[in-house]
Amino acid sequence: MHHPCAAGGPRGERVNTGDELPALEVRITREQLVRYAGAALDFNPIHWNEAFAKDVGLPDVIAHGMLTMAVAGRIVTDWLGDPARLVDFSARFTRPVVVPNTPEGALVEITGKVADVKDDGIARIDLVVKFDGKTVLGKPQTLVRR
């Protein structure tokens, strides 16, 4: 039985500062961009039109920032097993995820570490979200409850 004020991990075990979440790799494809555009009603051509994206100075079509953030959040919700325990998620969009027109799409690599556990059972998890070896989200942090 864990301490009643301790944040609980995936199976209710105690969560400690420094605990690492299992790394996650996710591919974002052009098909996902189309689906996300429809769900989010964000039809900006930089997310689907290669010529337009290049005309505005991008290397190719890029993923929606909020899609990238949602994909990154999966490392926490998969680990918790209950998405409702994720109470806050913040990040800055610092670099785009370029999505090539290939079946593999773009590979996004996500790692996470428990940075702090409060007495009220809230834990802060800091993420690192990379595409092409470079971070794409600035200071991505989640707060989770036990």
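Residues numbered from 1 in each chain as written. Predicted model: local features only at pLDDT ≥ 70, side-chain atom pairs only at ≥ 80, totals over all residues. Heavy atoms only, no water.

Novice: Looking at this model, I keep getting lost on helix α1 (residues 30–40). Mind explaining?
Specialist: Think of an α-helix as 3.6 residues a turn; residues three or four steps apart then line up on the same face. Taken together, the buried positions of α1 are Arg30, Leu33 and Ala37. Down the axis of α1, the buried side of the element spans an arc of 50°, and every buried residue falls inside it. Turned more than 90 degrees away from the buried face of α1 sit Arg35 and Ala39, all of them exposed. Looking at the buried positions of α1, the neighbouring elements they touch are β1 (24–28), α2 (50–55) and α3 (65–80). Phi turns positive one or two residues past the end of α1, at Leu41, with a value near 55°. (Buried < 20%, exposed > 50% of the residue type's maximum accessible area, 1.4 Å probe, protein only. Helix = DSSP H or I, 4+ residues; strand = E, 2+ residues; numbered from the N terminus. Arc of directions from axis to C-beta. Contact = heavy atoms within 4.5 Å.)

Novice: Got a minute to help me understand the pairing of β1 in this structure?
Specialist: Side-chain positions along a regular strand alternate between the two faces of the sheet. Only one face of β1 is covered, namely the face carrying Leu24, Val26 and Ile28; the face carrying Glu25 and Arg27 is uncovered. Sheet topology note: the β1/strand β3 (residues 106–117) ladder contains 5 bridges and is antiparallel. Residue Glu25 lies in a different strand from β3, and its bridge partner there is Glu109. (Pairing = 2+ DSSP bridges.)

Novice: I'm lost on the UniProt feature "domain: MaoC-like" (unreviewed entry) in the protein chain in this one. Help?
Specialist: In this numbering, the UniProt entry assigns the feature "domain: MaoC-like" (unreviewed entry) to residues 24–108. Taken end to end, residues 24–108 is 39% helix and 19% strand, and its two terminal C-alpha atoms sit 8 Å from one another. (UniProt positions renumbered as here; feature names shortened; annotations may be inferred.)

Novice: What is the right way to look at the environment of Arg92 in this model?
Specialist: Relative to the assigned elements, Arg92 resides in strand β2 (residues 86–93). Remark: the alpha-carbon pair of Arg92 and Ala72, spanning 20 residues in sequence, is separated by 13 Å. If we skip the residues at most four places from it in the chain, Arg92 touches Val136, Leu137, Gly138 and Lys139.

Novice: Hey, could you run me through the environment of Ala40 in this one?
Specialist: Here Ala40 shows up in helix α1. Along the chain, Ala40 and Met66 lie 26 residues apart, while their C-alpha atoms are 9.2 Å from each other.

Novice: Sorry if this is basic, but what is going on with the pattern of salt bridges here?
Specialist: Any two side chains of opposite charge can pair, so long as their charged atoms come close to each other. Applying the stated criterion to the full structure yields 7 salt bridges. Glu31 is paired through a salt bridge with Arg35; the nearest N and O atoms lie 2.7 Å apart. Within this pair, Glu31 and its partner Arg35 are both found in helix α1, separated by 4 residues, close to a single helical turn. With a relative accessible area of 48%, Glu31 lands in the partly exposed category. (Salt bridge = Lys/Arg side-chain N within 4 Å of Asp/Glu carboxyl O.)

Novice: What exactly am I supposed to notice about the side chain of His47 here?
Specialist: In this fold, His47 is placed in the loop between α1 and α2. Its relative accessible area of 8% is what places His47 among the buried residues. Only 2.8 Å separates the side chain of His47 from the backbone oxygen of Ile62, close enough to count as a polar contact. (Polar contact = N/O pair within 3.5 Å; in protein donor to acceptor, adjacent residues only side chain to side chain.)

Novice: Can you help me understand the nonpolar core in this one?
Specialist: In a soluble, globular protein the nonpolar side chains are often hidden away together inside. Counting residues in hydrophobic clusters, the biggest one holds 35 residues, and the most contacted among them are Ile28, Val76, Val97, Ile110, Val114, Ile125 and Val129. Sorting the residues of this core by element identifies β1, α3, β3, β4 (122–131) and β6 (137–145) as the ones contributing at least two each. Sequence-distant contacts of Val114, that is, excluding residues within four places in its chain, are made with Val15, Asn16, Thr17, Gly18, Asp19, Leu21, Trp79, Ala123, Arg124 and Ile125. (Core = buried A, V, L, I, M, F, W, Y, C linked by side-chain atoms within 4.5 Å.)

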